[in-house]
Amino acid sequence: MLFQIPISLALLIDVTAASYAFYVGKALTADGSVMVGGTGEEVSSHWLEIFPARDYPPNATVEVGVTEDASMPGRRLNISQAAHTFRYLSMEYSDYEGFPAPLTNGGVNEKGVAVRDVWAQNKDELIAMTPNPQTGLQYSDLARVVMERANTAREGVEIIGRLIAEYGYADYGGNSHLVADADEGWVVWEMSGGERLWAAERLGADVVRVLYPGYIEDFPVDFANSSNYMGSPNIVSFAVEKGWWNPNGTEPFNIWKAYGTASGNYTARDGGYKYMSQAALENATLAMVPVTEQDLIARVRDYRIADDEAGYGQVVSLHPSMEPDLIRIWVAPTGSVTAPFNPWWLGVKSVPPEYGQHRYLTADTASTFLDPDFQYQEATDFAGRIFKQALYYTCSDPDAFLPIVQDMLHGFENASLADLSWVERSAELLVQNGQREDALDLLTFYAHTRAEKALGLGKTMVDALGAYIKLTGRFRSPSGSRINDPGLGAETVNCLVGWDPDQPAFSQTPSMGKTEL
(Lines give C-alpha, C1' and ligand atoms only; values in the text may rest on other atoms or scores of the structure.)
Protein backbone atom coordinates (compact mmCIF):
# COMPACT_ATOMS: atom_id res chain seq x y z
CA MET A 1 0.00 0.00 0.00
CA LEU A 2 0.98 3.67 -0.30
CA PHE A 3 2.00 5.25 2.99
CA GLN A 4 1.58 8.99 3.41
CA ILE A 5 4.19 10.88 5.40
CA PRO A 6 2.68 13.19 8.02
CA ILE A 7 3.11 16.83 7.09
CA SER A 8 4.96 17.50 10.34
CA LEU A 9 7.61 14.95 9.37
CA ALA A 10 7.71 15.37 5.63
CA LEU A 11 8.52 19.04 5.41
CA LEU A 12 10.92 20.52 7.92
CA ILE A 13 12.24 23.40 5.84
CA ASP A 14 10.97 26.80 4.79
CA VAL A 15 11.32 26.31 1.05
CA THR A 16 9.30 23.49 -0.48
CA ALA A 17 9.26 24.34 -4.18
CA ALA A 18 12.80 24.70 -5.45
CA SER A 19 15.10 23.11 -8.02
CA TYR A 20 17.70 20.41 -7.56
CA ALA A 21 20.83 19.49 -9.56
CA PHE A 22 23.24 16.59 -10.06
CA TYR A 23 26.89 16.90 -11.09
CA VAL A 24 28.99 13.84 -12.05
CA GLY A 25 32.68 14.39 -12.84
CA LYS A 26 34.20 13.00 -16.02
CA ALA A 27 36.28 10.36 -14.19
CA LEU A 28 33.06 8.78 -12.91
CA THR A 29 31.08 8.51 -16.16
CA ALA A 30 31.05 5.67 -18.66
CA ASP A 31 31.96 7.87 -21.65
CA GLY A 32 34.29 10.36 -19.94
CA SER A 33 31.85 13.25 -20.16
CA VAL A 34 30.81 15.61 -17.40
CA MET A 35 27.14 14.95 -16.67
CA VAL A 36 24.59 17.40 -15.31
CA GLY A 37 20.98 16.66 -14.41
CA GLY A 38 18.11 18.05 -12.42
CA THR A 39 14.73 19.69 -12.48
CA GLY A 40 12.88 22.85 -11.58
CA GLU A 41 10.22 22.91 -8.88
CA GLU A 42 7.84 25.77 -9.39
CA VAL A 43 4.04 26.04 -9.33
CA SER A 44 4.07 27.22 -12.90
CA SER A 45 3.70 26.25 -16.52
CA HIS A 46 6.94 24.96 -18.06
CA TRP A 47 7.77 24.93 -21.74
CA LEU A 48 10.75 24.15 -23.97
CA GLU A 49 12.39 26.97 -25.90
CA ILE A 50 15.49 27.24 -28.12
CA PHE A 51 16.99 30.72 -28.25
CA PRO A 52 19.03 31.64 -31.35
CA ALA A 53 22.37 33.43 -31.21
CA ARG A 54 21.91 37.19 -31.56
CA ASP A 55 23.93 40.33 -32.22
CA TYR A 56 23.04 43.57 -30.44
CA PRO A 57 23.81 47.19 -31.30
CA PRO A 58 26.12 49.30 -29.10
CA ASN A 59 24.51 50.56 -25.90
CA ALA A 60 21.82 47.83 -25.97
CA THR A 61 20.43 46.97 -22.54
CA VAL A 62 18.39 44.20 -20.93
CA GLU A 63 15.97 44.54 -18.01
CA VAL A 64 16.73 42.44 -14.93
CA GLY A 65 15.77 42.13 -11.28
CA VAL A 66 12.53 41.76 -9.36
CA THR A 67 9.43 43.90 -8.96
CA GLU A 68 7.52 45.21 -5.98
CA ASP A 69 5.29 42.13 -6.26
CA ALA A 70 8.13 39.70 -5.45
CA SER A 71 8.21 37.88 -2.12
CA MET A 72 11.13 40.16 -1.24
CA PRO A 73 10.17 43.37 -3.10
CA GLY A 74 12.57 45.02 -5.50
CA ARG A 75 13.01 47.42 -8.36
CA ARG A 76 13.82 46.48 -11.95
CA LEU A 77 16.86 47.96 -13.68
CA ASN A 78 18.55 47.89 -17.08
CA ILE A 79 22.06 46.51 -17.50
CA SER A 80 24.35 46.45 -20.54
CA GLN A 81 23.62 43.68 -23.02
CA ALA A 82 26.46 41.70 -24.59
CA ALA A 83 27.30 42.53 -28.20
CA HIS A 84 26.70 38.86 -29.08
CA THR A 85 24.74 36.17 -27.22
CA PHE A 86 25.05 32.44 -27.79
CA ARG A 87 22.41 29.96 -28.87
CA TYR A 88 20.97 28.01 -25.94
CA LEU A 89 18.14 25.66 -24.94
CA SER A 90 16.09 26.20 -21.80
CA MET A 91 12.93 25.13 -20.05
CA GLU A 92 11.12 28.41 -19.41
CA TYR A 93 8.35 29.04 -16.87
CA SER A 94 5.92 31.76 -15.93
CA ASP A 95 6.13 32.47 -12.20
CA TYR A 96 8.07 31.95 -8.99
CA GLU A 97 7.75 34.02 -5.83
CA GLY A 98 6.25 36.85 -7.89
CA PHE A 99 9.31 37.20 -10.13
CA PRO A 100 8.52 38.50 -13.65
CA ALA A 101 8.24 35.98 -16.48
CA PRO A 102 9.74 34.38 -18.41
CA LEU A 103 12.03 32.65 -15.94
CA THR A 104 14.62 29.89 -16.35
CA ASN A 105 16.58 27.51 -14.15
CA GLY A 106 19.14 27.05 -16.93
CA GLY A 107 19.94 24.68 -19.77
CA VAL A 108 22.91 24.38 -22.13
CA ASN A 109 24.50 26.73 -24.66
CA GLU A 110 26.36 26.25 -27.93
CA LYS A 111 29.74 26.37 -26.14
CA GLY A 112 28.81 23.33 -24.07
CA VAL A 113 28.23 25.26 -20.85
CA ALA A 114 25.36 23.90 -18.76
CA VAL A 115 23.66 25.76 -15.91
CA ARG A 116 21.31 24.63 -13.16
CA ASP A 117 19.70 26.99 -10.64
CA VAL A 118 19.10 25.66 -7.12
CA TRP A 119 17.81 27.35 -3.96
CA ALA A 120 20.29 27.77 -1.12
CA GLN A 121 18.62 29.47 1.81
CA ASN A 122 20.58 31.93 3.95
CA LYS A 123 20.35 32.57 7.67
CA ASP A 124 17.55 34.80 8.89
CA GLU A 125 19.90 37.65 9.78
CA LEU A 126 21.03 37.97 6.16
CA ILE A 127 17.49 37.89 4.84
CA ALA A 128 16.45 40.58 7.33
CA MET A 129 19.30 42.80 6.11
CA THR A 130 18.08 42.76 2.51
CA PRO A 131 17.15 46.29 1.36
CA ASN A 132 13.54 47.06 0.48
CA PRO A 133 13.39 47.59 -2.43
CA GLN A 134 16.29 45.37 -3.44
CA THR A 135 18.08 45.78 -6.78
CA GLY A 136 20.29 43.60 -8.93
CA LEU A 137 20.15 40.47 -11.07
CA GLN A 138 18.01 37.63 -9.73
CA TYR A 139 18.58 33.90 -10.05
CA SER A 140 16.98 33.53 -13.49
CA ASP A 141 18.86 36.54 -14.85
CA LEU A 142 22.16 35.02 -13.75
CA ALA A 143 21.38 31.63 -15.30
CA ARG A 144 20.38 33.31 -18.55
CA VAL A 145 23.42 35.58 -18.86
CA VAL A 146 25.71 32.58 -18.28
CA MET A 147 24.02 30.71 -21.13
CA GLU A 148 24.14 33.80 -23.31
CA ARG A 149 27.75 34.81 -22.62
CA ALA A 150 29.94 32.06 -21.13
CA ASN A 151 32.47 30.10 -23.20
CA THR A 152 33.48 27.94 -20.21
CA ALA A 153 32.15 27.09 -16.77
CA ARG A 154 34.89 29.12 -15.11
CA GLU A 155 34.00 32.13 -17.25
CA GLY A 156 30.36 31.64 -16.26
CA VAL A 157 31.31 31.96 -12.59
CA GLU A 158 33.38 35.05 -13.34
CA ILE A 159 30.42 36.60 -15.18
CA ILE A 160 28.14 35.98 -12.19
CA GLY A 161 30.66 37.57 -9.84
CA ARG A 162 31.31 40.55 -12.08
CA LEU A 163 27.62 41.32 -12.60
CA ILE A 164 26.83 41.03 -8.88
CA ALA A 165 29.72 43.37 -8.09
CA GLU A 166 28.52 45.89 -10.68
CA TYR A 167 24.73 45.71 -10.30
CA GLY A 168 23.95 43.79 -7.12
CA TYR A 169 21.92 40.66 -6.45
CA ALA A 170 18.16 40.41 -5.86
CA ASP A 171 16.71 37.22 -4.45
CA TYR A 172 14.12 35.38 -2.35
CA GLY A 173 16.36 34.27 0.50
CA GLY A 174 19.57 32.87 -0.99
CA ASN A 175 20.31 30.92 -4.15
CA SER A 176 22.97 28.90 -5.94
CA HIS A 177 23.96 27.83 -9.45
CA LEU A 178 25.71 24.75 -10.78
CA VAL A 179 27.78 25.75 -13.83
CA ALA A 180 29.60 23.02 -15.77
CA ASP A 181 31.46 22.28 -18.98
CA ALA A 182 33.33 19.25 -20.34
CA ASP A 183 36.20 19.71 -17.88
CA GLU A 184 34.75 20.83 -14.56
CA GLY A 185 31.82 22.13 -12.55
CA TRP A 186 31.33 25.00 -10.13
CA VAL A 187 28.87 25.62 -7.31
CA VAL A 188 28.13 29.33 -6.94
CA TRP A 189 26.25 30.50 -3.85
CA GLU A 190 24.73 34.00 -3.97
CA MET A 191 23.75 35.51 -0.62
CA SER A 192 20.87 37.64 0.58
CA GLY A 193 21.50 40.83 2.50
CA GLY A 194 22.35 43.39 -0.17
CA GLU A 195 26.10 43.09 0.53
CA ARG A 196 26.90 41.51 -2.88
CA LEU A 197 28.24 38.40 -1.18
CA TRP A 198 28.95 35.25 -3.18
CA ALA A 199 31.22 32.21 -3.05
CA ALA A 200 32.15 29.51 -5.57
CA GLU A 201 33.76 26.08 -5.29
CA ARG A 202 35.21 24.05 -8.16
CA LEU A 203 34.04 20.45 -8.65
CA GLY A 204 36.65 18.16 -10.14
CA ALA A 205 36.67 15.01 -12.25
CA ASP A 206 36.17 12.58 -9.37
CA VAL A 207 33.27 14.37 -7.66
CA VAL A 208 29.54 13.71 -7.42
CA ARG A 209 27.59 16.66 -6.05
CA VAL A 210 23.85 16.92 -5.51
CA LEU A 211 22.38 20.33 -4.74
CA TYR A 212 19.09 20.40 -2.82
CA PRO A 213 19.85 22.98 -1.56
CA GLY A 214 23.10 24.21 -3.04
CA TYR A 215 25.92 24.13 -0.51
CA ILE A 216 29.59 24.96 -0.01
CA GLU A 217 31.34 23.92 3.19
CA ASP A 218 35.02 24.53 4.08
CA PHE A 219 36.39 27.53 2.20
CA PRO A 220 39.97 28.89 2.25
CA VAL A 221 40.42 32.40 3.64
CA ASP A 222 43.07 33.00 0.96
CA PHE A 223 40.73 31.82 -1.81
CA ALA A 224 42.01 34.51 -4.18
CA ASN A 225 45.23 32.51 -4.47
CA SER A 226 43.44 29.26 -5.33
CA SER A 227 42.24 28.07 -8.73
CA ASN A 228 39.54 25.98 -7.02
CA TYR A 229 37.64 28.78 -5.28
CA MET A 230 36.25 32.21 -6.10
CA GLY A 231 34.18 34.72 -4.19
CA SER A 232 33.36 38.31 -3.44
CA PRO A 233 36.19 40.23 -1.72
CA ASN A 234 34.13 40.51 1.47
CA ILE A 235 32.99 36.90 1.78
CA VAL A 236 35.37 36.20 4.70
CA SER A 237 35.61 39.65 6.28
CA PHE A 238 31.85 40.12 6.47
CA ALA A 239 31.42 36.82 8.34
CA VAL A 240 34.12 37.94 10.79
CA GLU A 241 32.52 41.38 11.19
CA LYS A 242 29.11 39.85 12.02
CA GLY A 243 30.58 37.29 14.41
CA TRP A 244 29.59 34.35 12.24
CA TRP A 245 33.15 33.03 12.12
CA ASN A 246 36.03 33.47 14.54
CA PRO A 247 39.37 33.68 12.70
CA ASN A 248 41.19 32.97 15.96
CA GLY A 249 39.19 29.84 16.69
CA THR A 250 39.94 26.22 15.84
CA GLU A 251 37.27 25.71 13.18
CA PRO A 252 38.04 26.39 9.51
CA PHE A 253 35.97 28.97 7.66
CA ASN A 254 32.83 27.20 6.46
CA ILE A 255 30.39 28.89 4.07
CA TRP A 256 27.43 26.78 5.20
CA LYS A 257 28.00 27.48 8.88
CA ALA A 258 28.68 31.18 8.33
CA TYR A 259 25.90 31.99 5.87
CA GLY A 260 23.51 29.04 5.68
CA THR A 261 20.22 28.67 7.48
CA ALA A 262 20.32 27.40 11.04
CA SER A 263 16.67 26.27 11.19
CA GLY A 264 15.52 22.67 11.17
CA ASN A 265 17.52 19.58 12.08
CA TYR A 266 19.79 19.46 9.09
CA THR A 267 23.34 20.14 7.93
CA ALA A 268 24.80 21.02 4.55
CA ARG A 269 24.41 17.47 3.22
CA ASP A 270 22.03 15.61 5.48
CA GLY A 271 18.52 15.74 6.84
CA GLY A 272 15.45 17.79 6.16
CA TYR A 273 15.13 17.74 2.39
CA LYS A 274 12.37 15.86 0.59
CA TYR A 275 12.64 12.13 1.29
CA MET A 276 16.34 11.75 0.44
CA SER A 277 19.15 14.02 1.58
CA GLN A 278 21.92 15.25 -0.71
CA ALA A 279 24.26 12.73 0.92
CA ALA A 280 21.88 9.85 0.15
CA LEU A 281 21.47 11.01 -3.44
CA GLU A 282 25.22 11.44 -3.88
CA ASN A 283 25.84 7.94 -2.52
CA ALA A 284 23.15 6.48 -4.77
CA THR A 285 24.82 8.12 -7.77
CA LEU A 286 28.30 6.95 -6.73
CA ALA A 287 26.94 3.41 -6.51
CA MET A 288 26.22 3.62 -10.27
CA VAL A 289 29.81 4.45 -11.29
CA PRO A 290 30.64 4.39 -14.18
CA VAL A 291 27.52 6.52 -14.65
CA THR A 292 25.64 6.49 -17.95
CA GLU A 293 22.97 8.87 -19.20
CA GLN A 294 20.37 6.22 -18.38
CA ASP A 295 21.71 6.07 -14.83
CA LEU A 296 21.47 9.83 -14.32
CA ILE A 297 17.99 9.85 -15.82
CA ALA A 298 17.05 7.22 -13.20
CA ARG A 299 18.43 9.43 -10.42
CA VAL A 300 16.56 12.50 -11.65
CA ARG A 301 13.42 10.37 -11.98
CA ASP A 302 13.71 8.84 -8.50
CA TYR A 303 10.20 9.15 -7.07
CA ARG A 304 11.56 9.98 -3.63
CA ILE A 305 12.47 13.40 -5.02
CA ALA A 306 10.42 13.64 -8.25
CA ASP A 307 6.77 14.36 -7.49
CA ASP A 308 4.09 16.86 -8.46
CA GLU A 309 6.50 19.70 -7.63
CA ALA A 310 8.94 18.63 -10.36
CA GLY A 311 8.23 20.85 -13.35
CA TYR A 312 10.47 18.99 -15.81
CA GLY A 313 13.65 16.90 -15.98
CA GLN A 314 16.97 17.52 -17.73
CA VAL A 315 20.12 15.44 -18.32
CA VAL A 316 23.07 16.49 -20.48
CA SER A 317 26.49 14.98 -21.20
CA LEU A 318 29.26 17.50 -21.89
CA HIS A 319 32.12 16.34 -24.13
CA PRO A 320 35.24 18.21 -25.28
CA SER A 321 35.10 19.88 -28.71
CA MET A 322 31.43 19.18 -29.28
CA GLU A 323 29.93 20.26 -32.60
CA PRO A 324 27.55 23.01 -31.39
CA ASP A 325 24.60 21.79 -33.45
CA LEU A 326 25.01 18.28 -32.02
CA ILE A 327 25.00 19.23 -28.33
CA ARG A 328 22.23 16.99 -27.00
CA ILE A 329 20.09 17.39 -23.91
CA TRP A 330 17.40 15.03 -22.62
CA VAL A 331 14.28 16.81 -21.42
CA ALA A 332 11.14 15.46 -19.75
CA PRO A 333 8.22 17.88 -20.31
CA THR A 334 7.06 17.68 -16.68
CA GLY A 335 7.86 15.54 -13.62
CA SER A 336 9.91 12.68 -15.07
CA VAL A 337 8.61 10.05 -12.65
CA THR A 338 5.81 9.51 -15.19
CA ALA A 339 7.10 11.40 -18.24
CA PRO A 340 9.67 10.33 -20.87
CA PHE A 341 12.94 12.08 -21.54
CA ASN A 342 13.12 13.19 -25.18
CA PRO A 343 16.39 13.99 -27.00
CA TRP A 344 16.84 17.56 -28.26
CA TRP A 345 19.82 19.13 -29.98
CA LEU A 346 20.86 22.76 -30.17
CA GLY A 347 20.67 22.44 -33.95
CA VAL A 348 16.93 21.69 -33.83
CA LYS A 349 15.18 24.51 -35.68
CA SER A 350 11.91 24.64 -33.76
CA VAL A 351 9.90 23.21 -30.89
CA PRO A 352 6.53 21.51 -31.61
CA PRO A 353 3.60 23.62 -30.37
CA GLU A 354 2.59 20.86 -27.95
CA TYR A 355 5.86 21.45 -26.07
CA GLY A 356 5.71 25.25 -26.24
CA GLN A 357 3.98 27.68 -23.90
CA HIS A 358 0.36 26.98 -22.94
CA ARG A 359 -2.06 28.46 -20.41
CA TYR A 360 -2.09 25.44 -18.11
CA LEU A 361 -0.51 26.65 -14.82
CA THR A 362 0.60 29.92 -16.41
CA ALA A 363 0.39 32.87 -14.04
CA ASP A 364 -2.76 35.07 -14.26
CA THR A 365 -4.69 32.76 -16.62
CA ALA A 366 -7.64 32.59 -14.25
CA SER A 367 -8.24 36.32 -14.58
CA THR A 368 -7.47 36.91 -18.28
CA PHE A 369 -8.56 35.65 -21.69
CA LEU A 370 -6.28 34.19 -24.34
CA ASP A 371 -4.25 36.54 -26.52
CA PRO A 372 -5.30 35.80 -30.14
CA ASP A 373 -1.63 35.44 -31.06
CA PHE A 374 -1.61 32.14 -29.16
CA GLN A 375 -4.90 30.67 -30.39
CA TYR A 376 -3.40 28.02 -32.68
CA GLN A 377 -0.81 26.95 -30.12
CA GLU A 378 -3.35 26.85 -27.31
CA ALA A 379 -5.62 24.70 -29.47
CA THR A 380 -2.99 21.95 -29.48
CA ASP A 381 -2.47 19.38 -26.75
CA PHE A 382 0.01 20.37 -24.05
CA ALA A 383 2.65 17.78 -23.15
CA GLY A 384 2.99 19.14 -19.62
CA ARG A 385 -0.73 18.69 -18.94
CA ILE A 386 -0.94 15.20 -20.44
CA PHE A 387 1.92 13.83 -18.35
CA LYS A 388 0.55 15.52 -15.24
CA GLN A 389 -2.60 13.47 -15.81
CA ALA A 390 -0.43 10.35 -16.06
CA LEU A 391 1.22 11.31 -12.76
CA TYR A 392 -2.08 11.74 -10.94
CA TYR A 393 -3.46 8.42 -12.14
CA THR A 394 -0.20 6.56 -11.49
CA CYS A 395 0.28 7.91 -7.98
CA SER A 396 -3.24 6.91 -6.99
CA ASP A 397 -1.91 3.34 -6.73
CA PRO A 398 1.86 3.32 -7.35
CA ASP A 399 2.29 -0.29 -6.28
CA ALA A 400 0.11 -1.35 -9.20
CA PHE A 401 0.75 1.36 -11.79
CA LEU A 402 4.26 2.77 -11.33
CA PRO A 403 6.18 -0.35 -12.50
CA ILE A 404 4.03 -0.55 -15.64
CA VAL A 405 4.31 3.15 -16.44
CA GLN A 406 8.05 3.27 -15.87
CA ASP A 407 8.59 0.13 -17.93
CA MET A 408 6.89 1.95 -20.81
CA LEU A 409 9.03 5.05 -20.24
CA HIS A 410 12.21 2.97 -20.19
CA GLY A 411 11.19 1.17 -23.38
CA PHE A 412 10.47 4.46 -25.12
CA GLU A 413 13.77 6.01 -24.03
CA ASN A 414 15.72 2.89 -24.99
CA ALA A 415 14.29 3.15 -28.50
CA SER A 416 15.51 6.74 -28.70
CA LEU A 417 18.92 5.73 -27.38
CA ALA A 418 19.19 3.01 -30.00
CA ASP A 419 18.70 5.62 -32.74
CA LEU A 420 21.19 8.19 -31.49
CA SER A 421 24.22 6.66 -33.17
CA TRP A 422 22.88 6.79 -36.72
CA VAL A 423 21.08 10.10 -36.25
CA GLU A 424 24.11 11.92 -34.88
CA ARG A 425 26.59 10.22 -37.21
CA SER A 426 24.45 11.18 -40.20
CA ALA A 427 24.12 14.76 -39.03
CA GLU A 428 27.85 15.03 -38.38
CA LEU A 429 28.68 13.72 -41.88
CA LEU A 430 26.29 16.23 -43.41
CA VAL A 431 27.98 19.07 -41.52
CA GLN A 432 31.43 17.87 -42.59
CA ASN A 433 30.25 17.81 -46.22
CA GLY A 434 29.04 21.39 -46.06
CA GLN A 435 25.35 20.44 -45.79
CA ARG A 436 24.63 22.01 -42.42
CA GLU A 437 21.01 22.91 -43.23
CA ASP A 438 20.32 19.30 -44.18
CA ALA A 439 21.85 18.20 -40.86
CA LEU A 440 19.63 20.59 -38.95
CA ASP A 441 16.59 19.37 -40.88
CA LEU A 442 17.46 15.78 -39.91
CA LEU A 443 17.85 16.63 -36.22
CA THR A 444 14.63 18.63 -36.27
CA PHE A 445 12.69 15.86 -38.00
CA TYR A 446 13.91 13.20 -35.58
CA ALA A 447 13.37 15.32 -32.45
CA HIS A 448 9.85 16.29 -33.57
CA THR A 449 9.02 12.69 -34.46
CA ARG A 450 10.09 11.36 -31.07
CA ALA A 451 8.30 14.20 -29.30
CA GLU A 452 5.10 13.36 -31.19
CA LYS A 453 5.43 9.68 -30.32
CA ALA A 454 6.03 10.60 -26.68
CA LEU A 455 2.82 12.58 -26.73
CA GLY A 456 1.02 9.56 -28.14
CA LEU A 457 2.49 7.41 -25.39
CA GLY A 458 1.25 9.86 -22.78
CA LYS A 459 -2.28 9.87 -24.19
CA THR A 460 -2.29 6.07 -24.26
CA MET A 461 -1.18 5.86 -20.64
CA VAL A 462 -3.80 8.36 -19.50
CA ASP A 463 -6.59 6.65 -21.44
CA ALA A 464 -5.61 3.16 -20.28
CA LEU A 465 -5.14 4.13 -16.63
CA GLY A 466 -8.34 6.16 -16.61
CA ALA A 467 -10.36 3.35 -18.14
CA TYR A 468 -8.95 0.76 -15.74
CA ILE A 469 -9.54 2.91 -12.66
CA LYS A 470 -13.11 3.74 -13.65
CA LEU A 471 -14.11 0.28 -14.87
CA THR A 472 -12.81 -1.38 -11.70
CA GLY A 473 -14.69 1.04 -9.47
CA ARG A 474 -11.56 2.70 -8.07
CA PHE A 475 -12.36 6.24 -9.15
CA ARG A 476 -13.36 8.54 -6.32
CA SER A 477 -14.65 12.09 -6.33
CA PRO A 478 -13.05 14.72 -4.10
CA SER A 479 -14.32 14.72 -0.53
CA GLY A 480 -13.91 18.48 -0.16
CA SER A 481 -14.21 21.61 -2.27
CA ARG A 482 -10.66 22.99 -2.00
CA ILE A 483 -8.82 22.07 -5.23
CA ASN A 484 -5.56 23.81 -4.31
CA ASP A 485 -3.39 22.74 -1.39
CA PRO A 486 -3.08 25.17 1.54
CA GLY A 487 0.41 26.22 0.51
CA LEU A 488 3.74 26.01 2.27
CA GLY A 489 4.17 22.77 4.18
CA ALA A 490 1.43 20.82 2.42
CA GLU A 491 2.02 17.39 0.96
CA THR A 492 1.97 17.11 -2.83
CA VAL A 493 0.95 14.20 -5.06
CA ASN A 494 3.77 11.65 -5.05
CA CYS A 495 4.47 8.02 -5.89
CA LEU A 496 6.28 6.93 -2.74
CA VAL A 497 6.05 3.19 -2.15
CA GLY A 498 6.80 1.36 1.07
CA TRP A 499 7.56 4.37 3.26
CA ASP A 500 7.07 3.62 6.93
CA PRO A 501 5.67 6.74 8.62
CA ASP A 502 6.51 5.31 12.05
CA GLN A 503 10.22 5.58 11.33
CA PRO A 504 11.99 8.87 12.23
CA ALA A 505 11.81 11.27 9.32
CA PHE A 506 14.70 10.98 6.83
CA SER A 507 16.51 8.32 8.86
CA GLN A 508 15.82 5.68 6.22
CA THR A 509 15.02 5.55 2.55
CA PRO A 510 11.83 3.83 1.43
CA SER A 511 11.92 0.38 -0.08
CA MET A 512 12.14 0.56 -3.84
CA GLY A 513 10.34 -2.77 -4.21
CA LYS A 514 9.33 -3.64 -7.77
CA THR A 515 10.22 -0.18 -9.05
CA GLU A 516 13.90 -0.15 -8.10
CA LEU A 517 15.85 2.17 -10.40
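About the thresholds
- Residues numbered from 1 in each chain as written.
- Predicted model: local features only at pLDDT ≥ 70, side-chain atom pairs only at ≥ 80, totals over all residues.
- Heavy atoms only, no water.
- Buried < 20%, exposed > 50% of the residue type's maximum accessible area, 1.4 Å probe, protein only.
- Helix = DSSP H or I, 4+ residues; strand = E, 2+ residues; numbered from the N terminus.
- Contact = heavy atoms within 4.5 Å.
- Phe/Tyr/Trp six-rings, centres within 6.5 Å; stacked < 30°, edge-to-face > 60°.
- Lys NZ or Arg CZ within 6 Å of the ring centre and 35° of its normal.
- Pairing = 2+ DSSP bridges.
- Axes fitted to C-alpha atoms, helices over the stretch in contact; angles between N-to-C directions.
- Salt bridge = Lys/Arg side-chain N within 4 Å of Asp/Glu carboxyl O.
- Core = buried A, V, L, I, M, F, W, Y, C linked by side-chain atoms within 4.5 Å.
- Disulfide = S-S within 2.5 Å.
- Polar contact = N/O pair within 3.5 Å; in protein donor to acceptor, adjacent residues only side chain to side chain.

For the chain, the name recorded in an unreviewed UniProt entry is Dipeptidase, with Epicoccum nigrum as its organism.

Right, let's talk about helix α7 (residues 278–286) for a bit. Buried residues of α7: Q278, A279, L281, E282, A284 and T285, and no others. Among the structural elements, β1 (20–24), β14 (208–211) and α8 (293–301) are those in contact with the buried residues of α7.

On to the packing of aromatic side chains, then. Evaluated as defined, the whole model comprises 21 aromatic pairs. With centroids separated by 5.5 Å and ring planes inclined at 35°, the aromatic side chains of F99 and Y139 adopt a geometry described as tilted. One end of the pair, F99, is in the loop between β8 (88–93) and β9 (103–109); the other, Y139, is in helix α3 (residues 139–149), with 40 residues separating them in the sequence. Note on F99: relative accessible area 1%, which makes it buried. Seen from their ring centres, W119 and Y212 are 5.6 Å apart, and the 85° between their planes marks the pair as edge-to-face. Placement of the pair is W119 in strand β10 (residues 114–119) and Y212 in the loop between β14 and β15 (229–231), with a sequence separation of 93 residues. Residue W119 shares its accessibility class with Y212, and that shared class is buried. Members of the aromatic cluster, each reached through a chain of ring pairs, are F219, F223, Y229, W245 and F253. Against the face of F475 rests K470, its NZ or CZ located 5.9 Å from the ring centre.

This next bit is on the sheet that holds β1. Taking strand neighbours across the sheet as the criterion, the six strands line up as β14-β1-β2-β16-β17-β18 in an open arrangement whose pairing is antiparallel. In this open sheet, the two edge strands, each paired with only one partner strand, are β14 and β18 (342–345). Within this sheet the neighbouring strands show an average axis-to-axis angle of 15°, counted without direction. Bridge count for β1 against β14 is four bridges, and the pairing is antiparallel.

Quick look at the pattern of salt bridges now. Tallied over the entire structure, the rule returns 20 salt bridges. Of the charged contacts, one joins D183 and K26 as a salt bridge, the two residues approaching to 3.4 Å between their closest N and O atoms. One end of the pair, D183, is in the loop between β11 (175–180) and β12 (185–190); the other, K26, is in the loop between β1 and β2 (34–39), with 157 residues separating them in the sequence. In this structure, D302 and R304 form a salt bridge, with 2.7 Å as the shortest nitrogen-oxygen distance. This pair shows no difference in class: D302 is buried, exactly as R304 is.

Within the largest apolar cluster, 121 residues are counted, with the highest numbers of intra-cluster contacts made by I235, I255 and Y259. The dominant element in this core, judged by the number of residues it contributes, is helix α12 (residues 436–471), at 13 residues. Not counting residues up to four positions away in its chain, the partners in contact with Y259 are Q121, N122, K123, L126, M191, L197, N234, I235, F238, A239, W244 and F253. Formed by 27 residues, the second largest nonpolar core is a distinct cluster that contains Y88, V145, V146 and V179.

It is worth spelling out the side chain of S44 at this point. Inspection of the secondary structure assignment puts S44 in the loop between β2 and β3 (46–51). For S44, the residues in contact, after removing those within four places along its chain, are Y93, S94, D95 and L361.

With respect to the helices, strands and loops of the structure, A82 is situated in the loop between β6 (77–80) and β7 (84–85). The buried category is assigned to A82, whose relative accessible area is 17%. For the pair A82 and D55, spaced 27 residues apart in sequence, the C-alpha to C-alpha distance is 8.2 Å. With residues near it in sequence (within four places) discarded, A82 still touches Y56 and R149.

Two cysteines whose sulfur atoms are joined by a covalent bond form what is called a disulfide. Here the structure, examined in full by the defined rule, presents one disulfide. A sulfur-sulfur separation of 2.0 Å characterises the disulfide bridge that pairs C395 with C495. With the S-S dihedral at roughly -110°, the linkage between C395 and C495 falls on the left-handed side. With a gap of 100 residues between them, C395 in the loop between α10 (383–394) and α11 (398–432) and C495 in the segment after α12 connect regions that are remote in the sequence. Here C395 matches C495 in class, with each residue buried.

Moving on, we get to the side chain of N234. When you line up the elements, N234 lands in the loop between β15 and α5 (237–241). Residue classification places N234 among the buried residues on the basis of a relative accessible area of 19%. A distance of 3.1 Å separates a polar side-chain atom of N234 from the backbone oxygen of E195. For N234, the side chain forms a polar contact with the side chain of S232, separated by 2.8 Å. Residues in contact with N234, not counting those within four places in the same chain, are E195, R196, L197 and Y259.

It is worth spelling out α3 at this point. Counting buried residues along α3, eleven of its eleven residues qualify, which places the element largely inside the surrounding structure. Taken as a whole, α3 has its buried residues at Y139, S140, D141, L142, A143, R144, V145, V146, M147, E148 and R149. Of the residues that open α3, the one with a side-chain oxygen 2.8 Å from the backbone nitrogen of S140 is Q138.

Most of β8 is tucked away: six of the six residues are buried. Going residue by residue along β8, you find Y88, S90 and E92 tucked away on one face and L89, M91 and Y93 tucked away on the opposite face as well. Bridge count between β8 and β9: five bridges; the pairing is antiparallel. Among the inter-strand pairings, E92 is bridged to a residue of β9, identified as T104.

The residue I127 is located in helix α2 (residues 124–129) in this model. With a relative accessible area of 24%, I127 lands in the partly exposed category. Along the backbone, I127 and L465 are 338 residues apart, and their C-alpha atoms lie at a distance of 46 Å. Dropping the residues within four chain positions of it, I127 is found in contact with M72, Q121, N122, G173 and S192.

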